[in-house]
Amino acid sequence: MTELSRADTQLRDQPIKRLSHKAITIEGFSRAAVQTYWRVPEFKIGFDLGAQPWAFMGTPTWFVSHTHIDHVLALPAYVARRRMMKMDPPTIHLPESAVDPVQRVLRQISRLDRGRLPCILVPTRPGDEIELSRELVATVSATRHTVPSLGFVIWERRRKLKPEFQGLSGPEIRDLRLGGTEVTQERRIPRVAYLGDSSPEGLDDCPAMFEAEVLILEVTFVAPSHRKQKIHKFGHMHLDDLVERRDRLKNEVIIASHFSTRYDARQIQHWVRRALPDLLGGRLHVWL
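Since the structure is predicted, the reported quantities are computational estimates derived from the model, not experimental observations.

### Some remarks on the pairing of strand S6 (residues 91–95)
Then step 1. In terms of residue burial, S6 counts as a mostly covered element, since 4 of its 5 residues are buried.
Then step 2. As defined by bridge partners, strand S5 (residues 61–63) adjoins S6 across 3 bridges and the pair is classed as parallel. Each bridged residue has a counterpart across the sheet, and for Trp-62 the counterpart in S6 is Ile-92.
Then step 3. Where S6 and strand S7 (residues 120–124) come together, 5 bridges link them in parallel fashion. By the bridge assignment for S7, Thr-91 is matched with Ile-120.
Then step 4. For the crossover that starts at S6, traverses helix H4 (residues 99–113) and ends in the parallel S7, the hand is right-handed.

### Things to note about the pairing of strand S4 (residues 45–49)
Two faces belong to every sheet, and in a regular strand the side chains alternate between them.
Then step 1. Here S4 lies mainly inside the structure; 5 of its 5 residues are buried.
Then step 2. Inspection of the sheet shows strand S3 (residues 35–40) paired to S4 by 4 bridges, in the antiparallel sense. Its bridge partner lying in S4, Val-40 is registered against Ile-45.
Then step 3. Hairpin connection from S3 to S4: 4 residues lie between these consecutive antiparallel strands, with Lys-44 at a positive phi of about 60 degrees.
Then step 4. Direction of pairing for S4 relative to S5: parallel, over a ladder of 3 bridges. Across the sheet, the residue bridging to Ile-45 is Thr-61, located in S5.

### Comments concerning the nonpolar core
Then step 1. Grouped together as the largest cluster of nonpolar side chains are 43 residues, with contacts concentrated most on Ile-26, Phe-47, Leu-94, Ile-154 and Val-192.
Then step 2. When residues of this core are assigned to their parent elements, the largest contribution, 4 residues, is made by helix H3 (residues 75–84).
Then step 3. When sequence neighbours within four positions are dropped, the list of residues in contact with Ile-154 reads Phe-43, Ile-45, Phe-47, Phe-63, Leu-132, Leu-136, Val-137, Ala-138, Ile-189, Pro-190, Arg-191 and Val-192.
Then step 4. In terms of nonpolar packing, the next biggest core, distinct from the first, is built from 33 residues, Met-237, Leu-249, Leu-284 and Val-286 among them.

### Points about the packing of H3 against H4
Then step 1. For the pair H3 and H4, the least separation of the axes is 11 Å and the interaxial angle reads 55 degrees. Classified by the interaxial angle, the pair formed by H3 and H4 is oblique. In this structure, H3 crosses over H4, and the sense of that crossing is right-handed. The residues of H4 that touch H3, namely those facing Leu-75, Pro-76 and Arg-83, are Val-102, Leu-106, Ile-109 and Asp-113.
Then step 2. Residues belonging to the contact of H3 with H4 are distributed by class as follows: 5 nonpolar, no polar and 2 charged.

### A closer look at the side chain of Ser-141
Then step 1. Note that Ser-141 resides in strand S9 (residues 136–142).
Then step 2. For Ser-141, a relative accessible area of 11% gives the class buried.
Then step 3. Non-local contacts of Ser-141, meaning those with residues more than four positions away in its chain, are made with Pro-126, Ser-149, Leu-150, Gly-151, Cys-206 and Met-209.

### Quick look at the sheet that holds S3
Then step 1. Across the sheet, 7 strands lie side by side as S1-S2-S3-S4-S5-S6-S7; this open sheet has mixed pairing. Each end of this open sheet is capped by a strand with a single partner; those strands are strand S1 (17–21) and S7. The average undirected angle you get between the axes of adjacent strands in this sheet is 20 degrees.
Then step 2. The sheet contacts of H4 involve S6 and S7, and relative to S7 the element is tilted by about 160 degrees.

Criteria and thresholds
Residues numbered from 1 in each chain as written. Predicted model: local features only at pLDDT ≥ 70, side-chain atom pairs only at ≥ 80, totals over all residues. Heavy atoms only, no water. Buried < 20%, exposed > 50% of the residue type's maximum accessible area, 1.4 Å probe, protein only. Helix = DSSP H or I, 4+ residues; strand = E, 2+ residues; numbered from the N terminus. Pairing = 2+ DSSP bridges. Right-handed = clockwise from strand over helix to strand, strands pointing away. Core = buried A, V, L, I, M, F, W, Y, C linked by side-chain atoms within 4.5 Å. Contact = heavy atoms within 4.5 Å. Axes fitted to C-alpha atoms, helices over the stretch in contact; angles between N-to-C directions. Parallel < 35°, antiparallel > 145°, perpendicular 65-115°, else oblique. Left-handed = near helix turned anticlockwise from the far one by under 90°. Nonpolar A, V, L, I, M, F, W, Y, C, P; charged D, E, K, R; others polar.

As structure tokens, then:
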């Protein structure tokens, strides 16, 4: 292997899976207690920073669901890389209670590294709406985990003519608008939902997650021998929780991820196929 090809391999050492749906791409990977990172490049956003593939560095806005190590470990590296490449400081949305501790961690790493770590840490709460662009807005919901945690839905916003004006001509609509009448109304389409780590209540309490075109959720445990009561207590989902909600899941694509390291890939595939042989009508993607 040449030095150039070896270096290229090192820049791609974090696994990245990809799936395209309706002009957006979901990229990333997740394994419980190891690393979790996702992004939607067309929306210029990412979810969680448990690792930081070099290719993800150009994504300027991130939503961190919670502060367990496998979801935030790479946050300092990401900020430092953007500074090194002379990019603008990134914006990172965190649970409100995590902002001060993360700032302290970054200050200590900055002292060790002797380099600045410029970023915008935004305290984020359930119920918040975050403007991403004229077309996109993110909403925030509470999830249920062992530390404060959040889920996110990314909505596409479109303007549509109000029903009472749909029979009018173009000039008539123009005159109404010039006269100060609001002739359109906003329509929101949930494009991507991200649950993060959560017991089923985090999913159930956010109806938009069942309606989003793409749903990314954890299914940490899959074996029937693992007791759901204990799993839920520690803020996680079991495969049975997905089975029980199959009639509510209206999503076009469902990405199941964050599987426990107690299982190998063969075991995960076996238990998923046994519980959901049709893979929810082909909509379920097992992210391994």
